[in-house]
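# Examining the three-dimensional arrangement
This is what each chain is made of:
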Amino acid sequence: MELSISFTKDTAKYIQIYEEIKIAIINKKLCAQDKLPSKRALAKTLNVSIHTVQEAYEQLLAEGYIYSKERLGYFIAPFEFEWDQHLQEHSSSASTATSHTINYDFHNGHVDKGAFPFTSWYKLLKKHLNMENLIISPWQGEWTLREEIAHYVARSRGVQCEASQVFVYSGTQNQLQALCHFFGLNAHVGIEDPGFKRVCSTVQQCGLFAHAIPVDQSGITIPNESLHLIYTTPAHQFPLGMVMPIERRAAILQWATSNGAFIIEDDYDSEFRFKGLPIPSLAKMDQLQRVIYFGTFSKTLIPSLRISYMILPHSLVNDYMLFHQDQKSVVSKIDQLALAEFIAQGLFDKHLAKMRTIYRKKQQVLLEAIHAHFSEEFKVIGEKSGLHIVVKLPSWLTEQNAIQLAMQVGIAVYPCSASYQQGSQDAMVIIGYGGLTLEQIQEGIALLASVW
């Protein structure tokens, strides 16, 4: 199968690829079960990046026009109805909103906005919004915030570090980009499969070599490849939710030491563990010898704050500082100062304790609702920590159909397949609960059961 596309300059290339393939499917120029070219082959044919093709395929996959088979590629999805639409109706962009109104959004990235300490935060913002603070921060971050982060990770995760090892950024992707540029174009990076798709995209966009490392029931497996970096989420693997046991943690640290590699430990959702005692972080076990520690305030406070941090081993700090010496801060000085004082006054620990209670209750209600309304054919995965679970669907319900049926009754659940680099044999959906009330969780799950 050959696809020929003439690009225009007014629309992103991935959207144009998406549109052309979608129109060909609707007009039956591409038929059900037809195999699409591989991402690499189509990228070469169209003279675009593999990532551009991947973005187009992911949009088609999300909308149900195509499906993937592990190690076999992408295929045109079958449709049991006729399209009665004209060609010009399909000229809108890939981001066109669906006609369905979403009343229950089970997004894994949403938090309980009503529980945010608005009064305390507003007072701190007012305090630090003054003439002295209208200048930009040092690119590494405000020293007071770096000190408070060092104290926080020491008492909460046992990570012993100095403020000079802490670097403040505006999110995981932002600090990962900076790290990729530091390691350079010849670096090979291992990434969990499945895992954060934005991590893989960031590594590829920076020009580094990305390697999919399979995940098993204990988390990321020990790589066979020669790598410079490996990215992992041991506290709550995304999206499958398993917590990496101590044996695997020790093994991955031993691998890094033996191979002279560094581990990027994204301590994702470590603050929200609901079953058992917290397992020591890799950074604590290793004491920041081969571990680069990632943390963020997106889940513990609010995503819009856009403050994250990276803690480097002593051995990398000086070279990293020299490499990025011409950079500027990407985070608001006033927000940094407000957050530093918020932590110093004990308000952050108090808020975190409250949120653990709130989210524990929400998860309990979610699991009880699933147990009450669904049969045992629907398997819950990854419920020990974090703000989402994964539901493995029965054999008669595909991921695509599950999402479409949910949307028809105003419910948004999310595909697990989008997190795989090499495809998945299982049909699974991600259900987040942080942003919904207890009543919305109960109502949404009951309504979901009526269409699944």
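Keep in mind it's a predicted model, so treat the numbers as computed, not measured.

### Looking at the packing of helix α1 (residues 13-26) against helix α3 (residues 50-62)
Relative to each other, α1 and α3 sit at 45°, their axes nearing to 8 Å. Accordingly, the angle class assigned to the pair α1 and α3 is oblique. Relative to α3, α1 is oriented so that their crossing is right-handed. Within the contact between the two elements, α1 uses K13, Y14, I17, Y18, I21 and K22 and α3 uses T52, V53, E55, A56, Y57, Q59 and L60. When its residues are assigned to classes, the contact of α1 with α3 shows 8 nonpolar, 2 polar and 3 charged.

### Thoughts on the sheet that holds strand β15 (residues 414-415)
Spatial strand order, β12-β13-β16-β15: 4 strands in an open sheet with antiparallel pairing. The open sheet terminates on both sides in strands that have one partner only, identified here as β12 (379-381) and β15. Relative to strand β16 (residues 428-432), strand β13 (residues 388-392) is paired through 5 bridges, and the arrangement is antiparallel. If you follow I389 over to β16, its bridge partner there is I431. On the sheet, helix α12 (residues 347-373) packs against β12, β13 and β16 and is oriented at approximately 15° with respect to β13. On the sheet, helix α13 (residues 399-408) packs against β15 and β16 and is oriented at approximately 40° with respect to β16.

### Details of the nonpolar core
In terms of nonpolar packing, the biggest core is built from 76 residues, with F297, V413 and W452 touching the most fellow members. No other element matches the 8 residues that α12 contributes to this core. Non-local contacts of V413, meaning those with residues more than four positions away in its chain, are made with F106, I403, A406, V429, I430, I431, L448 and W452. Listed in part, the 38 residues of the second largest apolar core include L179, V215, Y231 and V317.

### Topic: the layout of surface pockets
Approximately 820 Å³ is the volume attributed to the second largest pocket. Around the second largest pocket sit 34 residues that line it, and K39, Q54, Q204, Q421 and Q422 are the ones nearest its centre. Those elements that place two or more of their residues in the lining of the second largest pocket are α2 (39-46), α3, β1 (66-69), β2 (73-76), β5 (188-193), α7 (197-205) and β6 (209-216). If one sorts the elements of the lining of the second largest pocket by residue count, α3 sits on top with 5 residues. Here the lining of the second largest pocket is built from residues that sort into 11 nonpolar, 15 polar and 8 charged.

### Digging into the pairing of β5
β5 sits mainly inside the fold: 5 of its 6 residues count as buried. Note that β5 and β6 share 6 bridges and pair parallel. Bridge assignment links G190 to a residue of β6, and that residue is H211. Taken together, β5, α7 and β6 constitute a β-α-β crossover, and its handedness is right-handed. Note: β5 against strand β8 (residues 229-232), 3 bridges, orientation parallel. Along β8, the bridge assignment pairs I191 with Y231.

Parameters and conventions
Residues numbered from 1 in each chain as written. Predicted model: local features only at pLDDT ≥ 70, side-chain atom pairs only at ≥ 80, totals over all residues. Heavy atoms only, no water. Axes fitted to C-alpha atoms, helices over the stretch in contact; angles between N-to-C directions. Helix = DSSP H or I, 4+ residues; strand = E, 2+ residues; numbered from the N terminus. Parallel < 35°, antiparallel > 145°, perpendicular 65-115°, else oblique. Left-handed = near helix turned anticlockwise from the far one by under 90°. Contact = heavy atoms within 4.5 Å. Nonpolar A, V, L, I, M, F, W, Y, C, P; charged D, E, K, R; others polar. Pairing = 2+ DSSP bridges. Core = buried A, V, L, I, M, F, W, Y, C linked by side-chain atoms within 4.5 Å. Buried < 20%, exposed > 50% of the residue type's maximum accessible area, 1.4 Å probe, protein only. 1 Å grid on protein atoms, 1.4 Å probe; cavity = no way out; pocket = protein on both sides within 12 Å on 5 of 7 lines; lining within 4 Å. Points joined across faces, edges and corners; volume = space filled by probe spheres on them. Right-handed = clockwise from strand over helix to strand, strands pointing away.

Without other data, these values stay purely geometric and don't point to any function.
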